[in-house]
Amino acid sequence: ILGIGENGAAEDVKELFRDLNDTDEGVVKCTLRSISKVLGRDAEDIYWQCLQDARPVVMRAAYQCISKNEITYGAKQVYELFLSTESQLLREKLAYQMLREKSWDRLPYVLKLYWHEEEYIREILHRGLERRSMYATVLEEEAEQIRAILHDKTYRIPEELQKKIEFDLRF
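Counting starts from 1 at the beginning of each chain's written sequence and moves along it residue by residue. The predicted origin of the model limits local features to residues at a pLDDT of at least 70 and limits the giving and counting of side-chain atom pairs to 80 or more, whereas totals for whole chains, interfaces and linings rest on all residues. Hydrogen atoms and water are omitted, and side-chain values are computed over all heavy atoms in the structure.

(A) Seen up close, the side chain of Asn69. A run of H or I in DSSP becomes a helix once it reaches four residues, and a run of E becomes a strand once it reaches two; helices and strands are each numbered from the N terminus. For Asn69, the position within the fold is in the loop between α4 (56–68) and α5 (75–84). On the basis of relative accessible area, Asn69 is assigned to the buried category, the value being 14%. Within the structure, the side chain of Asn69 is placed 2.8 Å from the side chain of Ser36, a separation counted as a polar contact. Within 3.5 Å is the distance limit for a polar contact, defined as a pair of N or O atoms, with the added protein rule that one can donate a hydrogen and the other accept it, and that residues adjacent in sequence qualify only through two side-chain atoms. Separated by 2.8 Å, the side chain of Asn69 and the backbone oxygen of Cys65 make a polar contact. Any two residues having at least one pair of non-hydrogen atoms within 4.5 Å are treated as being in contact. Contacts of Asn69, omitting those with residues within four sequence positions, involve Ser36, Gly40, Arg41 and Tyr47. Throughout, exposure labels follow a simple rule: accessible area from a 1.4 Å probe, protein chains only, divided by the maximum for the residue type, with under 20% read as buried, over 50% as exposed, and the rest as partly exposed.

Listed below in structure tokens is the structure:
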């Protein structure tokens, strides 16, 4: 399996797809690594599917492929999976993935999760609030959505953070 990843071509990867369903998590992990070496970003759907695998080894391997290939899925898709999963490990990986999404796209979703019950997840997400791109443009409707979340009492966003984000939105 690893040999195909090291020396194979895109047409050789088809041989590996059947191994993604193997019951041995080590086989699936190696398969993902080989697919990543050959296909890179072109296999983003496979990584997303395997990220949702119940087996932690497979989930971690899929996240490594996503990270290595610098793949983003969109903050909304990441947020929706975050809310729907029971897996603490997957929530952690999705929190890190959220930080890799475009800063202004992720902001509404990170704000909604500001007081997430898991402290570790909260700490990860709070890092995303401090890093906002000053060179990106924000559409007016996106800015209004962010402002609505900022001032919604449900999310209990601290006033100091509200002021910082409002300042950035103005410029």
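Having seen the structure, we can now continue with the description.
(B) The arrangement of unusual backbone geometry in detail. Phi at Glu70 takes a positive value of approximately 55°, unusual for a residue other than glycine. You can see Glu70 is positioned in the loop between α4 and α5. With relative accessibility at 59%, the residue Glu70 sits in the exposed group.

(C) Fine view of the environment of Pro158. Locating Pro158 in the fold gives a position in the loop between α9 (140–151) and α10 (159–170). Between the C-alpha atoms of Pro158 and Arg170, which are 12 residues apart in sequence, the distance is 19 Å.

(D) Representation of α4. A rise of 1.5 Å per residue sets the reference length of α4, with its 13 residues, at 18 Å; its end C-alpha atoms lie 18 Å apart and thus fit the reference within 8%. Every buried residue of α4 is accounted for by Val58, Met59, Ala61, Ala62, Tyr63, Cys65 and Ile66. Against the buried residues of α4 lie α2 (25–39), α3 (44–51) and α6 (88–100). Glu70 sits one or two positions beyond α4 and adopts a positive phi of about 55°. Expected helix span is given by 1.5 Å per residue-to-residue step, counting one fewer step than there are residues.

(E) A look at the packing of aromatic side chains. Put simply, two rings from Phe, Tyr or Trp (the six-membered ring, in Trp's case) pair if the centres are within 6.5 Å, and we call them stacked under 30 degrees between planes, edge-to-face over 60, tilted for the rest. What the rule picks out here adds up to three aromatic pairs. Centroid distance Tyr79 to Tyr109: 4.9 Å. Interplanar angle 40°. Geometry classified as tilted. With a gap of 30 residues between them, Tyr79 in helix α5 and Tyr109 in helix α7 (residues 103–112) connect regions that are remote in the sequence. Taking relative accessible area as the criterion, Tyr79 reaches 13% and is therefore assigned buried. With a centroid separation of 5.1 Å and an interplanar angle of 80°, the aromatic rings of Tyr114 and Trp115 are classed as edge-to-face. Given a relative accessible area of 10%, Tyr114 falls into the buried group. A residue is classified by how much of its surface remains accessible, and Trp115, at 41% relative accessible area, is partly exposed.

Fair warning: the whole summary comes from geometry, so function is off the table for now.
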